[in-house]
Amino acid sequence: MKKIYLMIFSVMMLVIVGAGCSSDEEKSAEKQTQQADEKVELTISAAASLQDSLNDIKKSFEKENANVKVHYNFGASGALQQQISQGAPVDLFFSAAEDKFDKLVEEDIIEEKNGIDLVGNDLVLVVPKEADKEIKRIDDITKATKISIGTPESVPAGQYAKQTLEKLNLWKEIEGKLVYAKDVRQVLTYVETGNVDAGLVYKTDGLSSEKVEIVAVADKELHDPIIYPVGVIKESSHPKEAQLFYEYLQNKDSKKVFEKYGFGNLN
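Residues numbered from 1 in each chain as written. Predicted model: local features only at pLDDT ≥ 70, side-chain atom pairs only at ≥ 80, totals over all residues. Heavy atoms only, no water.

**Some points on helix α7 (residues 184-192)**
- The complete set of buried residues in α7 reads Val184, Arg185, Val187, Leu188 and Val191. Viewed end-on, α7 has its buried residues packed into an arc of 155°, placing them on one side of the element.
- Positive phi appears at glycine 194, one or two residues downstream of α7, with a value of about 80°. (Buried < 20%, exposed > 50% of the residue type's maximum accessible area, 1.4 Å probe, protein only. Helix = DSSP H or I, 4+ residues; strand = E, 2+ residues; numbered from the N terminus. Arc of directions from axis to C-beta.)

Next up, the structure:
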């Protein structure tokens, strides 16, 4: 009889242990599934001139990576750089100027190995479509009553514009006519609405609007090289996904998108 009880007890213990293991395995599998389904939100601070191309890339990236949601913070590169320096929670920085990007590298916020010069651009003079003023070259900008450029201290396009006008000895002559903008897209808006007679913007911005005409392209020797570096923020909350998006920006399909909007390929 004791043997029978012992056998029954042993069987019951095996059942209990087996059930416990099964329960642990189910919990582990459930946890892994939850982690796989967990949504990750990336914050990308990017130059305003990248808006159209990056929105296109976002659609394809999110389609291929369903658990990652991309949020953009577009603005002037200088203002974005300052925000990041002051601790803004950002995962990647895509600048329209090397010096703004380099500041974050110097501050050890971006590791140099996790950054790349990705695309280039041109500086162009735009006027409203069917404008009545005879502005056909950059030298003709003196004929304008009002001219818009980005604020040179914070807007790279404004910085390049000032360099160009200074090299052409036009800065002092037109300085009193200038209407400064918070970013290059605001310059474009001022020209589109006829609030100014002309503006200096990137080629990609000029091509994006049906309301303006590109009348001249600034000689590359008149300003610093227009290069757009991008890099992963060292203290990103989602380093794996940030690296994934960083690499995605460099693939063939993304490069085609940048080219479609007028950017030059540097790689």
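Now, onward.
**Notes on the environment of lysine 256**
- Its location among the elements puts lysine 256 in helix α10 (residues 252-260).
- The class of lysine 256 is exposed, set by a relative accessible area of 57%.
- A C-alpha to C-alpha distance of 9.7 Å links lysine 256 and serine 53, two positions 203 residues apart in sequence.

**A look at the packing of aromatic side chains**
- Applying the stated rule across the entire model yields nine aromatic pairs.
- Residues tyrosine 72 and phenylalanine 74 carry aromatic rings whose centres are separated by 5.0 Å and whose planes lie at 40° to one another, so their mutual orientation is tilted.
- The class of phenylalanine 74 is partly exposed, set by a relative accessible area of 24%. (Phe/Tyr/Trp six-rings, centres within 6.5 Å; stacked < 30°, edge-to-face > 60°.)

**Concerning the sheet that holds strand β7 (residues 178-181)**
- Overall, mixed pairing links the five strands, which are arranged β7-β6-β8-β5-β9 in an open sheet. Strands at the two margins of the open sheet, each flanked by one partner only, are β7 and β9 (212-217). Taking each pair of neighbouring strands and ignoring which way they run, the sheet shows an average axis angle of 35°.
- The sheet contact formed by strand β5 (residues 123-128) and β9 spans five bridges and is antiparallel. Bridged to valine 127 within β9 is glutamate 213. (Pairing = 2+ DSSP bridges. Axes fitted to C-alpha atoms, helices over the stretch in contact; angles between N-to-C directions.)

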